[in-house]
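Secondary and tertiary structure notes
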Amino acid sequence: MIPLGIVLTAISALVLFGGMVMAAGLGDGGPNPKGIGGIVSGLFMGFISAMSLVSAWSARNSSVSVDHTGLWVGNGKVRTSSPGTASPASGCTGARWAGAA
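Please read all numbers here as calculations on a predicted model, not as lab measurements.

Of regular secondary structure, the protein possesses two helices and three strands. When the helices and strands of the protein are listed from N to C terminus, the series reads α-α-β-β-β. Taking all 101 residues of the protein together, the buried fraction comes to 16%. For the protein, the proportion of contacts with a sequence separation of at least 24, taken over those separated by at least 6, is 32%. Split by element, the accessible area of the protein, about 7000 Å² in all, is 69% carbon and sulfur.

This is the structure in structure tokens:
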């Protein structure tokens, strides 16, 4: 997820730069009010990419794993287990998980 956030940040920077160039009139013609749309789009994409980076960075130590004892959920500090008999409620169905093995 972090590389995707970096790519989105780069694209939003290019869109923002293009909108500023259009609004300032540094292209072929004079100042164009359509550049404001580019600036707004670039800012919105930048906000989305920053939130993507923040959420990916905060979840970097999270993990979910399954073994013969049940479902394990960890957040980097605490790891909790759900026993195999409670697994059908979490979608891990089957004779092995239902305790019939």
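Here the narrative resumes.
For strand E1 (residues 63-67) and strand E2 (residues 70-74), the ladder comprises five bridges, and the chain directions are antiparallel. By the bridge assignment for E2, Val64 is matched with Val73. From the end of E1 to the start of E2, which pair antiparallel, there are two residues.

Turning to the environment of Asn75, a few remarks are in order. Among the secondary structure elements, Asn75 is positioned in the loop between E2 and strand E3 (79-83). Sequence separation between Asn75 and Asn61 is 14 residues, and the spatial gap between their C-alpha atoms is 5.8 Å. Apart from residues no more than four positions distant in its own chain, Asn75 is found in contact with Asn61 and Ser62.

Okay, helix H2 (residues 34-58) next. In this model H2 runs 37 Å from its N-terminal to its C-terminal C-alpha over 25 residues, within 8% of the 36 Å that 1.5 Å per residue would give. Among the residues making up H2, those that are buried are Gly35, Gly38, Gly42, Ser49, Ser52 and Ala56. Each element contacted by the buried residues of H2 is listed here: helix H1 (2-24).

It is worth spelling out the environment of Leu4 at this point. Tracing the chain through its elements places Leu4 in helix H1. Taking the C-alpha atoms as reference, Leu4 lies 8.4 Å from Leu53; in sequence the two are 49 residues apart.

Conventions adopted
- Residues numbered from 1 in each chain as written.
- Predicted model: local features only at pLDDT ≥ 70, side-chain atom pairs only at ≥ 80, totals over all residues.
- Heavy atoms only, no water.
- Helix = DSSP H or I, 4+ residues; strand = E, 2+ residues; numbered from the N terminus.
- Buried < 20%, exposed > 50% of the residue type's maximum accessible area, 1.4 Å probe, protein only.
- Contact = heavy atoms within 4.5 Å.
- Areas by Shrake-Rupley, 256 points an atom, 1.4 Å probe, with all protein chains shown as cover.
- Pairing = 2+ DSSP bridges.
- Expected span 1.5 Å × (residues − 1).

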